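Observations on chain architecture
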Amino acid sequence: MKKIRIIILVTCCFSTLFIYSQTTKNKTTMTEEKQYPKALVDYDDFKNLVLEIEKERENHLLSLDAFLKMSHEKNTVVLDSRSDFRYNRKHLKGAIHLDFTDFTQENLYKLIPDPNTRILIYCNNNFDGDPIDFASKMSFPKNAPETQILANRKPIMLALNIPTHINLYGYGYKNVYELDELVHINDARIKFEGTEVK
């Protein structure tokens, strides 16, 4: 009789431990499956910004001569938003820098405190003749059957100027102008600086 009581007691203890462990496991699983709020991403906000600046942007595209002339005027900066790596290697002389991935209200305000400052921007797709430091950003159709039509299809340009312009505008910088020409890096009118410039 005593043995049976001990067996029953041990069985009860193990059962209790098993139930407790399952309950704890379920609570942990419930915690891991917590529902989070939506990410801070809003496609409609971005789309609305694009539509808002679309017509205005047409009047903010500059030839190289106009770009260079404006760059010397008061309350004007040239902003390079390419990666730190690319900027450090080669950039337009006098350009200030903030990597596009580091764009925040605070970082931009530290760099350009006055939102009325005229900001001139350029990107890799503005320069020809240096595929390392100014590698063009474009997409060609892939994984599609090759046809005469696809073979003649224009690549999609993915230049950094456009998202830079849109984001600057969204952060309150409305006085933004883009270089609108594909300039050869050996053009005597431009000067570069950086670790790769002799």
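Further up the page is the structure itself.
Description of the structure in this document. All values derive from a computational prediction rather than experimental measurement.

Focus on the sheet that holds strand β4 (residues 96–97)
Ordered by their spatial adjacency, five strands build an open sheet running β1-β9-β5-β2-β4, and the pairing between neighbours is parallel. With one partner strand each, in any of the chains shown, β1 (61–62) and β4 form the two edges of the open sheet. Against the sheet, helix α7 (residues 161–170) engages β2 (76–80), β5 (118–122) and β9 (176–179), with an angle of about 160 degrees to β5.

Topic: α7
When α7 is considered as a whole, its buried residues turn out to be Asn161, Thr164, His165, Ile166, Leu168 and Tyr169. Those residues of α7 that are buried are in contact with α2 (43–58), β2, α5 (105–111), β5 and β9. Gly172 sits one or two residues past α7 and shows a positive phi near 105 degrees.

With respect to unusual backbone geometry
Even without being a glycine, Asn75 presents a positive backbone phi close to 55 degrees. Relative to the helices and strands, Asn75 resides in the loop between α3 (64–71) and β2. Taking the relative accessible area as the measure of exposure, Asn75 reaches 40% and is therefore partly exposed.

Concerning the packing of aromatic side chains
If you walk through the whole model with that rule in mind, you get five aromatic pairs. A ring pair is formed by Tyr122 and Phe127, whose centres lie 5.7 Å apart and whose planes are at 85 degrees; its orientation type is edge-to-face. Members of the aromatic cluster, connected to one another through ring pairs, are Tyr122, Phe127, Phe134 and Phe192.

Quick word on the pattern of salt bridges
Tallying each qualifying case throughout the model produces 11 salt bridges. Note that Arg82 is salt-bridged to Asp80, the shortest N-O span being 2.9 Å. The exposure classification of Arg82 matches that of Asp80, with both residues buried. In this structure, Arg89 and Glu196 form a salt bridge, with 3.7 Å as the shortest nitrogen-oxygen distance. Of the two residues, Arg89 is situated in helix α4 (residues 84–89) and Glu196 in the segment after β11 (192–193); the sequence distance between them amounts to 107 residues. Judged by relative accessible area, which is 17%, Arg89 ranks as buried. Residue Glu196 is classed as partly exposed on the basis of its relative accessible area, which comes to 38%. When salt bridges with common partners are traced through the structure, they connect Asp65, Asp187 and Arg189 into a single cluster.

Some words on the environment of Tyr177
Here Tyr177 is to be found in strand β9. For Tyr177, a relative accessible area of 15% translates into the label buried. Put simply, Tyr177 and Tyr122 are 55 residues apart on the chain and 8.9 Å apart in space, counted from C-alpha to C-alpha. Excluding residues that lie within four positions of it along the chain, Tyr177 makes contacts with Asn59, His60, Leu62, Met70, Arg118, Ile119, Leu120 and Ile121.

What counts and what doesn't
- Residues numbered from 1 in each chain as written.
- Predicted model: local features only at pLDDT ≥ 70, side-chain atom pairs only at ≥ 80, totals over all residues.
- Heavy atoms only, no water.
- Pairing = 2+ DSSP bridges.
- Helix = DSSP H or I, 4+ residues; strand = E, 2+ residues; numbered from the N terminus.
- Contact = heavy atoms within 4.5 Å.
- Axes fitted to C-alpha atoms, helices over the stretch in contact; angles between N-to-C directions.
- Buried < 20%, exposed > 50% of the residue type's maximum accessible area, 1.4 Å probe, protein only.
- Phe/Tyr/Trp six-rings, centres within 6.5 Å; stacked < 30°, edge-to-face > 60°.
- Salt bridge = Lys/Arg side-chain N within 4 Å of Asp/Glu carboxyl O.

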